[in-house]
Amino acid sequence: MAPPAQTHRSPSPSQPSGKGEVSDLKMQLRQLAGSRAPGTDDAKRELFKKVISCMTIGIDVSSVFSEMVMCSATSDIVLKKMCYLYVGNYAKHNPDLALLTINFLQRDCKDEDPMIRGLALRSLCSLRVTNLVEYLVGPLGSGLKDSNGYVRTVASIGVLKLYHISASTCMDADFPATLKHLMLNDRDAQVVANCLCALQEIWGLEATKSEEAATERETLLSKPLIYYLLNRFKEFSEWAQCAVLELVSKYVPSDSDEIFDMMNLLEDRLQHANGAVVLATIKLFLQLTLSMADIHQQVYERIKAPLLTLVSSGGPEQSYAVLSHLHLLVMRAPYIFSADYKHFYCQYNEPFYVKKLKLEMLTAVANESNTYEIVTELCEYAANVDIPMARESIRAVGKIALQQYDVNAIVDRLLQFLEMEKDHVTAETLVLVKDLLRKYPQWSHDCIAVVGNISSKNVQEPKAKAALIWMLGEYAQDMQDAPYVLESLIENWEEENSAEVRLHLLTAVVKCFFRRPPETQKALGAALAAGINDFHQDVHDRALLYYRLLQYNVFIAERVVNPPKQAVSVFADTQSSEIKDRIFDEFNSLSVVYQKPSYMFTDKEHRGPFAFSEEIGNLSIGAESTDNVVPAQRIEANDKDLLLSTSDKEESKGSSHNDSAYNAPGYDGSLAASSQADLVSLDYKPTPNVPSATFAIDDLLGLGLPATATPPPSPPVLKLNMKAALEPNAFQQKWRQLPISISQETSINPQGVAAMTSPQTLIRHMQGNSIHCIASGGQAPNFKFFFYAQKAEEPSTYLVECIVNSSSCKVQLKIKADDQSTSQAFSELFQSALSKFGFL
């Protein structure tokens, strides 16, 4: 039968048209099944390509499974490959369909063509269906004894696949012993390498169960086996060479002569074109010579040229990987690379991540002999139009200055940056000048002369503004306008969003007051009053501390806030030496690229914080710990106060208030000494937008609660079921199905922020209002909750996504409801309950 004419409906196999196309493919494949007419294989190829194309873009073509299997009865190896690809994709998810493939795969495992035998065996082992394990043992045993090296290569890895499907079947068939025999005797180097990798993994996993397996694992590091692998080293492929080098790096030579023999044998691998082989060889050399200091230094000298060659010869991705390893070596021995600093100059076409790493290396290799050239180059980068690059360059200049190399010239360069009138350059330079003044206070006169000309209105970045404020407070006696600049910043207190800036501003005003009291008295009173009324807990606490110190004794306050300081000799390192050594032990791995030990990005406890998601399906509700989930059944175990009605709570609230109110703090002149009575004036009237200082800490300090606090609004009329219950799976399903009824931003009062020491406090409060939490997560300042509630009269459910930002006192709400008409009423009830948080 002649092959059917080609259809014009889909001229390109990469553009299938969907279900209609699949039906046509099924029909055409059925027509070609069993046909031996000339041109049949070509027609099958085109149809197979279309099937694979559909499968690749996500169209379900499992309906043509039987037709594909029938059409695989051919000697065309291209058709075989495409059929095996199709079968492997669908068989693992459809065990019933996988059973249909066993016969033809077993038949192909006995084909005359070794390529087909190997491909069929690989596909058979890749089915990964537990029920079909019995069909793998025979073909694997035959494959391991096959006369063709490719088939033995596939079979050796197939044994490892079988072990992961059914370890007992693999061990009962005694496949590890066969692999060991092949590893020691096979003439094909790739078979030896595959057997080695399979045995390492199998015996590594079995070592915890069997002493025999533990003994076998130790034999992999025996001297005869290591020498056997090294003598055949040049026969291995690049991948196999890396595997052998990794194994050899764990071997402990008996003496120095053995170390030198191994290094001489492998030295030519340092000139290998493959970067993985070079890095694996370098790791081995470094490990072998750790206990030989002189030889270890010579190894650094020897590996320097190959690494620098790899950096310049590959693409940016390879350059970054090699640079990361080079960076690790530079940090351990900077003097060895100090003469090669020009290799770390940045090229204009390099990506930013490569440039940033090079800047870190330039900082590390800087010394007395090359500092001028390096800083000159870095100053060129500071004028770069690429703002992140300019920032990193200025930071690099500062780091070199902190290393005490050519400080005079570097300070002059940094002060020139302040005259460039670029906001990002000014911001970074101010931060560095602050650090330089902490280490080199003798340069204060030159620096302050330039810094004093900078307007605080032109500095917007929090860290830069904090640095400028620090200098205004620390060198108030040298800066004529310092009190007035600080006063203008205090006047804009409410507009300042950064708590860090407000903290620095408080300290700077107090320092300035000790140096220039008459000019700073008004500003100090305004700052303390604004700070005590600040919603941020740290700012509030610091202002209260300063206020009480001044109230107790001004001279003691000065000794606490502004004592004599010594210059900072060494700034804290971001990484401990122990972590750096751990990274070095994991050379030639992702640990070097990430610049952290492997346990920090593989262990669960070191992973990142709770990741917010728009979909509740991404939350691990079922796996939440009891600390983060408060089930409905736990309501009865909570404090009885949570079960009180609204009126009961109002009564209990009214009776629990202290009669004395704390008016924050209008200074009445009651200082410890009468001579200090008029030093501070706190007649600052905060605007209505500034919340009163009524945090929980006020109770600890005996400050009471405000009598003038506005009571939260009464809740709207909507009765909720106090004992509502909802399964997590049901919550997930409803969340996906229901549309968003209300999406809005509201606020939480500062008392609530102070009371939210952990997410559970808010969860328990909302439970007292018949609103229950199904999942929660996050860490300060962002917390995320999923709440639900049900009507008391009817089975109508409300779902809420609530994101609380404790630093801004803002709350983002998304509400979904079975009954859309009552969404607004529930939203008002939810916000009413939220507004009471911290008052009850």
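The numbers attached to residues start from 1 for each chain and follow its sequence in the written order. Confidence filtering applies because this is a predicted model: local features only for residues at pLDDT of at least 70, side-chain atom pairs given and counted only at 80 or more, and all residues used for totals across whole chains, interfaces and linings. Hydrogens are left out, water is left out, and the side-chain values use all remaining heavy atoms of the structure.

A. Summary view of the environment of A724. Every helix listed is a DSSP run of H or I at least four residues long, and every strand listed is a run of E at least two residues long, numbered separately from the N terminus. Note that A724 resides in the loop between α36 (696–700) and α37 (728–737). In this structure the C-alpha to C-alpha distance between A724 and Y788, which are 64 residues apart in sequence, comes to 8.5 Å.

B. Inspection of the pattern of salt bridges at higher detail. By salt bridge we mean one thing: a side-chain nitrogen of Lys or Arg within 4 Å of a carboxyl oxygen of Asp or Glu. Evaluated as defined, the whole model comprises 31 salt bridges. Ionic pairing is found between K234 and D268, a salt bridge with its closest N-O pair at 3.5 Å. Of this pair, K234 sits in the loop between α13 (223–231) and α14 (238–248) while D268 is found in the loop between α15 (256–266) and α16 (275–288), placing the two residues 34 residues apart along the sequence. A salt bridge links K734 to D818; its shortest N-O distance comes to 3.1 Å. You can see K734 sitting in helix α37 and its partner D818 sitting in the loop between β5 (810–817) and α40 (823–835), a full 84 residues away along the chain. Summary of the burial criterion: residues with accessible area below 20% of their type's maximum are buried, those above 50% are exposed, and those between are partly exposed, where the area comes from a 1.4 Å probe applied to protein chains only. Since its relative accessible area comes to 22%, K734 is described here as partly exposed.

C. Local environment of the pairing of strand β2 (residues 772–779). Of all eight residues that make up β2, six are buried, and the element is covered over most of its length. At least two bridges found by DSSP between two strands is the condition for calling them paired. Alignment of β2 against strand β3 (residues 782–790), held across seven bridges, turns out to be antiparallel. Bridged to S776 within β3 is F785. Joining the antiparallel neighbours β2 and β3 is a turn of two residues.

D. Geometry of the confidence of the model for the chain. Per-residue confidence for the chain averages 80 on the pLDDT scale, and 83% of its residues sit at or above 70. Values of pLDDT, ranging from 0 to 100, describe the predictor's confidence in every residue of the model. No element of the chain has a lower mean pLDDT than α36, which averages 34, and none a higher one than α14, which averages 94. For this analysis, residues touch if any pair of their heavy atoms sits within 4.5 Å. In this model residues 1–17 is a low-confidence stretch, pLDDT under 50, and it forms 27 contacts with partners more than four residues away in sequence or in other chains. Overall, residues 608–712 carries pLDDT values under 50, and its contacts beyond four positions in sequence, including any with other chains, amount to 178 contacts.

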